[in-house]
Amino acid sequence: MAHIPIQPGLPGITGLLEYRLDSAKPIRELTQVLMRGESTLTFAERELIATYVSFLNECTFCTRAHEATANALFENTTIVDSVKWNVYNAPISEKLKALLIIAQKTQLNGKTVSKEDVENARVHGATDLEIHDTVLISSLFCLYNRYVDGLASWTPEDSGFYQKLADRLVNHGYMGTTKPVVHEE
Amino acid sequence: MAHIPTQPGLPGISSLFAFRPETAKPMRELAHVLLYSESSLSSGDREVIATYVSSRNQCVFCTQSHAAAARAHLKEDASIVDDVLLNGVNASVSDKLKSLLTIAGKVQKGGRIVTDEDVALAKSLGATDMEIHDTVLIAAAFSMFNRYVDGLASFTPQDPADYVEMGVRMASVGYIPPKS
């Protein structure tokens, strides 16, 4: 059970965003800019970074939600899995691998991102803005993962729920402009 | 030197905010809502929580700037800030604030380690649901801000005196820049 009274039927982050609307607003806006704003990183690549960071933070709700979203956007269900096993062997570009390493080090603690990590990303074509956004996406998911797990919000088991959530994130983004996906407890 | 080209002279998160105004706007607003807007937790206590989390993440810029803001809010009780920085949850603060710092410290490590008992203790000492929510979200938000500042190696002034004025400004106007 969650540590605070959450509206029934709204698992994970969805109930928390309804619990306090004035903190939810900037969190949603920041996420929309980073994950759906104009960028040279694709939506799928950004969702992969979010999934990987959530996975490293062992936040099941965020990992499953963003994994389903990344899978839908990649139209491929093996990329996320292979990144979880081993970033270096995953079937993704060298640039994306370099960005995932920066995201992983940011997740650990920002100080561990080295000049060499950043240089390696640049060598493979990453721009300053892509490096910036990778660090900030990783940081933002360190917020989300702690918010969701720190309040022990409910994590459904069935994959159907995450599929519906992913459909909403693919089609409508993060602003909460459509009704939340309800899951009966 | 920062990992991305930032405007010289701007320290820490200010230099990153100037680099990308689209993400700066909601980040400023979040800090304002959590630390400055009306709440049953004083701004001083909320800044102490932010300082404690930043210090555990070893983010010097955020620790020094929020410590300065906390001191500015707490005035004659400003010594609490250094007590918490040195002694953490063993500092001479109210039992309620100790219980909230315990929750914040666990969120900093990983949300999953906050227990029902940690929350029950805070509630028994008078913490409301909203205060528990805000404590978790402040700790989570600083787990973001700290990583953003250090992950891009933004400029960190080394002299504590450089943070005093910054803290006074944060305590007096909050985090949303005045409309020009």
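This text follows the structure it describes.
One structure accompanies this document, and this report is about it. Per-chain numbering applies: the sequence of each chain, read as written, is numbered from 1 onward. Chain labels run from A onward and ligand labels from 1 onward, assigned in the order the entries are written. Whole-chain, interface and lining totals are the exception, using all residues; otherwise, since this is a predicted model, local features are given only for residues with pLDDT of at least 70 and side-chain atom pairs are given and counted only at 80 or more. Side-chain figures throughout are based on the complete set of non-hydrogen atoms in the structure, without hydrogens or water.

### Some points on the overall build of chain B
Spelled out, the test is: Per the convention used, a helix needs a DSSP run of H or I reaching at least four residues, while a strand needs a run of E reaching at least two, with both numbered from the N terminus. With the radius of gyration taken over C-alpha atoms, the globule rule is written as 2.2 Å times the number of residues to the power 0.38. Three exposure classes are used, based on accessible area relative to the maximum for each residue type with a 1.4 Å probe and protein chains only: buried under 20%, partly exposed in between, and exposed over 50%. Here the accessible surface of atoms and residues is derived via Shrake-Rupley with a 1.4 Å probe, and residues count as covered only by protein chains that are part of the display. The charge count treats Lys and Arg as positive and Asp and Glu as negative. His and the chain ends do not count. Every charge is mapped onto a representative atom, which is NZ of Lys, CZ of Arg, CG of Asp or CD of Glu.
When helices and strands are tallied, chain B shows nine helices and zero strands. Ordering the α and β elements of chain B from the N terminus gives α-α-α-α-α-α-α-α-α. Compactness check: chain B gives a C-alpha radius of gyration of 16 Å against a globular reference of 16 Å for 180 residues, within 12% of the reference. Out of the 180 residues belonging to chain B, those deemed buried represent 56%. A total accessible area of about 7600 Å² is found for chain B, and carbon and sulfur atoms account for 54% of it. When the 16 positive and 20 negative side-chain charges of chain B are each reduced to one mean point, those points stand 5 Å apart.

### Remarks on the overall build of chain A
This is how it is decided: Between two residues, a contact is recorded if the distance between any of their heavy atoms is within 4.5 Å.
A count of helices and strands for chain A gives nine helices and zero strands. Whereas a compact globule of 185 residues would reach a radius of gyration of roughly 16 Å, chain A reaches 16 Å, a difference of no more than 12%. C-alpha atoms of chain A, sized along the principal axes, occupy 50 × 30 × 30 Å. Across the 185 residues that make up chain A, the buried fraction comes to 58%. Look at the contacts in chain A between residues 6 or more apart in sequence, and 67% of them connect residues 24 or more apart. Surface exposure of chain A reaches about 7600 Å², of which carbon and sulfur atoms provide 54%. Each charge sign in chain A was given a centre, from 17 positive and 23 negative side chains, and these centres are 4 Å apart.

### With respect to helix α5 (residues 79–87) of chain B
Residues and elements named next belong to chain B. Inclusion rule: It is the directions from the helix axis to the C-beta atoms whose arc is reported.
Of all the residues in α5, the buried ones are Ile80, Val81, Asp83 and Val84. In an axial view of α5, the angular spread of the buried residues amounts to 165°, which keeps them on one side of the axis. Opposite its buried face, α5 presents the exposed residues Ser79 and Leu86, each directed more than 90 degrees away. Those residues of α5 that are buried are in contact with α3 (43–56), α4 (60–74) and α6 (95–109). In the stretch just after α5, Gly88 is the one whose phi turns positive, near 55°.

### Examining the interface of chain B and chain A
So the rule is basically this: A simple way to read buried area is as the amount of 1.4 Å-probe accessible surface that goes missing from two parts once joined, with both sides added. For salt bridges, the criterion is a side-chain nitrogen of Lys or Arg within 4 Å of an Asp or Glu carboxyl oxygen. Gly counts as polar in this scheme, as do all residues outside two lists: the nonpolar Ala, Val, Leu, Ile, Met, Phe, Trp, Tyr, Cys and Pro, and the charged Asp, Glu, Lys and Arg.
Tallying the contact residues gives 46 residues for chain B and 45 residues for chain A. For the chain B and chain A pair, buried surface summed over both sides reaches about 3800 Å², with 63% attributable to carbon and sulfur atoms. If you look at where chain B meets chain A, you find five salt bridges. In this structure, Lys25(A) and Glu29(B) form a salt bridge, with 2.8 Å as the shortest nitrogen-oxygen distance. Breaking the side of chain B that touches chain A down by element, the ones donating at least two residues are α1 (12–19), α2 (21–35), α6, α7 (116–124) and α8 (129–151) of chain B. Of the residues forming the side of chain B that touches chain A, the biggest block, 15 residues, is contributed by α8(B). Here the residues of the side of chain B that touches chain A are counted per class, giving 23 nonpolar, eleven polar and twelve charged.

### Quick notes on the packing of aromatic side chains
Describing an aromatic ring pair means giving the distance of the ring centres and the angle of the ring planes. All names here are of chain A. Stated formally: Only rings of Phe, Tyr and Trp enter the pairing, Trp through its six-membered ring, and a pair is recorded when the two centres are within 6.5 Å. The plane angle decides the type: under 30 degrees is stacked, over 60 is edge-to-face, the rest tilted. The rule for a charge over a ring is simple: NZ of Lys or CZ of Arg within 6 Å of the ring centre, and within 35 degrees of the ring normal.
Counted by the stated rule, this structure contains six aromatic pairs over all chains. Measuring from centroid to centroid gives 5.1 Å for Phe141 and Tyr144, while their planes differ by 45°, and the two rings are tilted. Of the two residues, Phe141 and Tyr144 are both situated in helix α8 (residues 128–150); the distance of three residues between them amounts to about one turn of the helix. Directly above the aromatic system of Phe43 lies the positively charged group of Arg36, at a separation of 5.1 Å from the ring centroid.

### Regarding the nonpolar core
Worth spelling out the cut-off: In these notes, a set of buried Ala, Val, Leu, Ile, Met, Phe, Trp, Tyr and Cys residues joined through side-chain atoms within 4.5 Å is what counts as a nonpolar core.
The biggest cluster of nonpolar side chains holds 113 residues, and the ones touching the most others in it are Leu100(A), Leu143(A), Tyr147(A) and Tyr148(B). Here this core gets twelve residues from one element, more than from any other, and that element is α8(B). With residues near it in sequence (within four places) discarded, Tyr148(B) still touches His132(A), Val135(A), Leu136(A), Ser139(A), Ile13(B), Leu16(B), Phe17(B), Thr23(B) and Met27(B).

### Some points on unusual backbone geometry
Residue and element names in this part refer to chain B. Within the chain, Lys75 stands out as a residue other than glycine whose phi angle is a positive 50°. Looking at the element boundaries, Lys75 is found in the loop between α4 and α5. A residue is classified by how much of its surface remains accessible, and Lys75, at 60% relative accessible area, is exposed. With a phi angle near 50°, Ala153 is a residue other than glycine that sits in the positive phi range.

### Observations concerning the environment of Asp95(B)
Note that Asp95(B) resides in helix α6. Distance in space between the C-alpha atoms of Asp95(B) and Asp82(B) is 17 Å, their sequence separation being 13 residues.

### Some words on the side chain of Thr51(A)
All names here are of chain A. Note the following rule: Here a polar contact is taken to be a pair of N or O atoms separated by no more than 3.5 Å, where protein atoms must pair a possible hydrogen donor with a possible acceptor and residues adjacent in sequence count only if both atoms sit in side chains.
Structurally, the position occupied by Thr51 is in helix α3 (residues 43–56). The class for Thr51 is buried, based on a relative accessible area of 1%. In this structure the side chain of Thr51 is engaged in a polar contact, spanning 3.2 Å, whose partner is the backbone oxygen of His66. When near neighbours in sequence (up to four residues on either side) are disregarded, Thr51 contacts Thr63, His66, Glu67, Ala70 and Val80.

Function cannot be read off these values alone, since they describe shape.
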